[in-house]
Amino acid sequence: MALLIITGPTASGKTTRAVDCAQAFDGEIISADSRQVYSGMDIGTGKDLEEYGDTKAHIIDIVPAGYKYNLYEYLRDATKAIDSVASRGKLPIVCGGTGLYVESLLKGLRLPEVPENKELRQSLAGKSLAELTEQLSRMKTLHNVTDVDTAQRAIRAIEIATYYAEHPDKAVDATPHPRTDATVIGVDIDRENRRQRITRRLYARLEEGMIEEVEGLLKSGINPDDLIYYGLEYKYLTLYLTNHLTKEQMISELEIAIHQFAKRQMTWFRGMERRGFPIKWLPWDMPRQEFVEAVRNEMNRK
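Below is a summary of the structure that appears in this document. Just so it is clear, the structure is predicted and the values come from calculations on it, not from any experiment.

**Here's the deal with the pairing of strand β2 (residues 27-31)**
Taken across its five residues, β2 has five buried, putting it largely inside the fold. Here β2 shows no split at all, with G27, I29 and S31 on one side and E28 and I30 on the other all buried. Across five bridges, β2 lies against strand β6 (residues 91-95) in parallel orientation. From the neighbouring strand, S31 faces β6, where its bridge partner is C95. In this structure, β2 lies alongside strand β4 (residues 57-58), joined through two bridges in parallel fashion.

**Remarks on unusual backbone geometry**
The residue D48 is not glycine, and still its phi comes out positive at about 45°. When you line up the elements, D48 lands in the loop between β3 (38-39) and β4. Owing to a relative accessible area of 29%, D48 belongs among the partly exposed residues under this scheme. Notably, L232 is not glycine yet its phi reads approximately 45°, a positive angle. Position of L232 relative to the elements: it lies in helix α10 (residues 232-241). By relative accessible area, L232 is classed as buried at 14%.

**Side note on the nonpolar core**
Judged by nonpolar contacts, the single largest core of 59 residues is most densely connected at I30, Y74, V94 and M250. Setting aside its immediate chain neighbours within four residues, V94 contacts L3, L4, I5, I6, I30, A32, Y74, I82 and L105. In this structure, F25, Y52, I60 and V187 belong to the second largest nonpolar core, which totals 22 residues.

**Focus on the layout of surface pockets**
Its boundaries defined by the atoms lining it, the second largest pocket holds a volume of some 220 Å³. Lining the second largest pocket are Y72, L75, R76, T79, S104, L105, G108, L109, R110, L111, H177 and R179. Sorting the residues of the lining of the second largest pocket by element identifies α2 (71-87) and α3 (99-107) as the ones contributing at least two each. Ranked by residue count, the leading element in the lining of the second largest pocket is α2, at four residues. Across the lining of the second largest pocket, the residue classes break down as five nonpolar, four polar and three charged.

**Considerations on the sheet that holds strand β1 (residues 3-7)**
Read across the open sheet, the six strands follow the order β4-β2-β6-β1-β7-β8; overall the sheet is parallel. Only two strands of the sheet have a single neighbouring strand rather than two, namely β4 and β8 (280-283).

**Things to note about the packing of aromatic side chains**
Scanning the entire structure with this criterion turns up four aromatic pairs. Arranged with centres 4.0 Å apart and planes meeting at 10°, the rings of Y74 and Y101 form a pair that is stacked. In this pair, Y74 sits in helix α2 while Y101 sits in helix α3, placing the two residues 27 residues apart along the sequence. Both residues of the pair, Y74 and Y101, count as buried. Where F269 meets W281, the ring centres are 6.1 Å apart and the plane angle is 65°; that geometry is what we call edge-to-face.

The rules behind these values
- Residues numbered from 1 in each chain as written.
- Predicted model: local features only at pLDDT ≥ 70, side-chain atom pairs only at ≥ 80, totals over all residues.
- Heavy atoms only, no water.
- Buried < 20%, exposed > 50% of the residue type's maximum accessible area, 1.4 Å probe, protein only.
- Helix = DSSP H or I, 4+ residues; strand = E, 2+ residues; numbered from the N terminus.
- Pairing = 2+ DSSP bridges.
- Core = buried A, V, L, I, M, F, W, Y, C linked by side-chain atoms within 4.5 Å.
- Contact = heavy atoms within 4.5 Å.
- 1 Å grid on protein atoms, 1.4 Å probe; cavity = no way out; pocket = protein on both sides within 12 Å on 5 of 7 lines; lining within 4 Å.
- Points joined across faces, edges and corners; volume = space filled by probe spheres on them.
- Nonpolar A, V, L, I, M, F, W, Y, C, P; charged D, E, K, R; others polar.
- Phe/Tyr/Trp six-rings, centres within 6.5 Å; stacked < 30°, edge-to-face > 60°.

Structure below.
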């Protein structure tokens, strides 16, 4: 079964490219974005649903805001969606910039569901993020920086690592069923253009009502800590709306954080290539038809 993956850093224009390919190859899109799964979190996650047009997209708006969706659930849902799309004779196109999701799919990673450990969570509740990070680093190699983005994420990562240590029979090999049918396309954008697009997009989203979106989520009863858990836009906007940052501080710190996030994404993708997952990089500003033909040529090499 053929599988096309279109990835790259934030603000590189992945969605547009994926839709172009879906229209050209009779495909459907499976999101690989760790935050677009949440309903009600639209502007801050950049769903841009109008871009899809008639193209069907999967794993978007599937759980409520406040929920903590995880890698186990993503692999379960993405595999199901890929199989469903392929069974209807269409091309599954995975699109997103969450490197952990993309690489785990390529590895064919299988994970057991890790239940909540309330006793462990209570024992960790008073620890600082630095203390949690150090504890987690003693349990696993910290490839994924989002594990220690917030205290809640770090506690969940410790919970998962503890479960694997206590249930070695359920801890699976990292590469039991690697995919050999995938063509991985990266949307390549230079640092300066990426920075400009990130800045423009941030101010556009603020104009579109991103602050009001987060305000509405808080008014709906979602705990501020749960929004901070999601990081980036939801973290900084929540800190602003709960009077921990001024508006100017929020915008400035958020812009810096998004630039840093894009840099970490590229670090992950380069790491993927070193770990044996080749990515064919195509220019972000390549004419649409040329991009589609380049993708077609790359898929034909499989």
